[in-house]
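Chain residues, written in single-letter form:
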Amino acid sequence: NDMAYVDVLQFSIPATATGADVCSGTTVVLTATGSGLLTWYTDNLGQNAVGTGSILNIGAPQSSTVYYLVQEENGCAATTIAVPVDVTPMPVDVSINGPALVCQGEAFTLLVNAQPPVDADWTLPDNSTFSGNPYTVLSATMGDAGLYTVTPLLGPCVGAPVSWNLNVVVPQ
């Protein structure tokens, strides 16, 4: 008539952590809640500890990665929590290709080139706006002459604006 007693230990406050979606170059601070000791790792086996506590500052990651959080309390460790950090690259090497000069009545297209390909928010010479790539006009008018400015967008990331000057001439 042997008896065994089993104590089920529960964490006072179960751990939770939230990942981050950021643009490259953005500083990331991961946060967690939970009782006991919270330890952050770069691997899911708990081999490479990089910090303890509810806050982990990972600087500005250049690529997506995953950190792992382990909670320990009363001699027990919880299941590892994956904390993803998704990094979207900033639009770089952005340029506008198109003609510098068109005749009134001619069609023209301005194309934004970037790696990786981007969405484009345009400010047109009359200060109106257009979203998309390319920007095409089927019949140029004198009102199409002037400065075209593009703000490149890649997901939530906004790149540095670039500009293109277009001259419209009346054929002789």
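Look above for the structure.
Here the structure is a predicted model, which means the values were calculated and not measured.

Cut-off values and rules
- Each chain has its residues counted from 1, following the order in which its sequence is written.
- Only residues with pLDDT of at least 70 are given local features in this predicted model, and only at 80 or more are side-chain atom pairs given and counted; all residues enter the totals for whole chains, interfaces and linings.
- Side-chain calculation: all heavy atoms of the structure are included, whereas hydrogens and water are not.
- Residues grouped as a nonpolar core are buried Ala, Val, Leu, Ile, Met, Phe, Trp, Tyr and Cys residues, joined through side-chain atoms within 4.5 Å.
- Partly exposed describes any residue whose relative accessible area lies between the buried limit of under 20% and the exposed limit of over 50%, with all areas from a 1.4 Å probe on protein chains only and scaled to the type maximum.
- A helix here means a DSSP run of H or I that spans at least four residues, while a strand means a run of E at least two residues long, and both kinds are numbered starting from the N terminus.
- Contacts are residue-level and defined by heavy atoms, with any inter-residue pair within 4.5 Å sufficient.
- Working definition: a ring pair exists when centres of Phe, Tyr or Trp rings (six-membered ring for Trp) sit within 6.5 Å. Plane angles under 30 degrees give stacked, over 60 give edge-to-face, the rest tilted.

A. Region of the structure containing the nonpolar core. Formed by 20 residues in total, the largest nonpolar core has its most connected members in Phe108, Val112, Trp122, Tyr135, Tyr148 and Val150. Counting only elements with at least two residues in this core, the list comes to β10 (92–97), β12 (108–115), β13 (119–123), β15 (135–137), β16 (146–154) and β18 (162–169). It is β12 that contributes the most residues to this core, 4 residues altogether. The residues touching tyrosine 135, leaving out its near neighbours within four places in the chain, are Phe108, Thr109, Leu110, Trp122, Leu124, Phe130 and Tyr148.

B. Seen up close, the packing of aromatic side chains. What the rule picks out here adds up to 4 aromatic pairs. Ring centres 6.3 Å apart and planes at 75 degrees place the aromatic pair phenylalanine 108 and tyrosine 148 in the edge-to-face group. Linking phenylalanine 108 in strand β12 with tyrosine 148 in strand β16, this pair joins segments that are 40 residues apart in sequence. Look at phenylalanine 108 and you get buried, because its relative accessible area is 3%. Judged by centre distance (5.2 Å) and plane angle (65 degrees), the rings of phenylalanine 130 and tyrosine 135 are edge-to-face. Since its relative accessible area comes to 30%, phenylalanine 130 is described here as partly exposed. In this structure tyrosine 135 comes out as buried when scored by relative accessible area, which is 11%.

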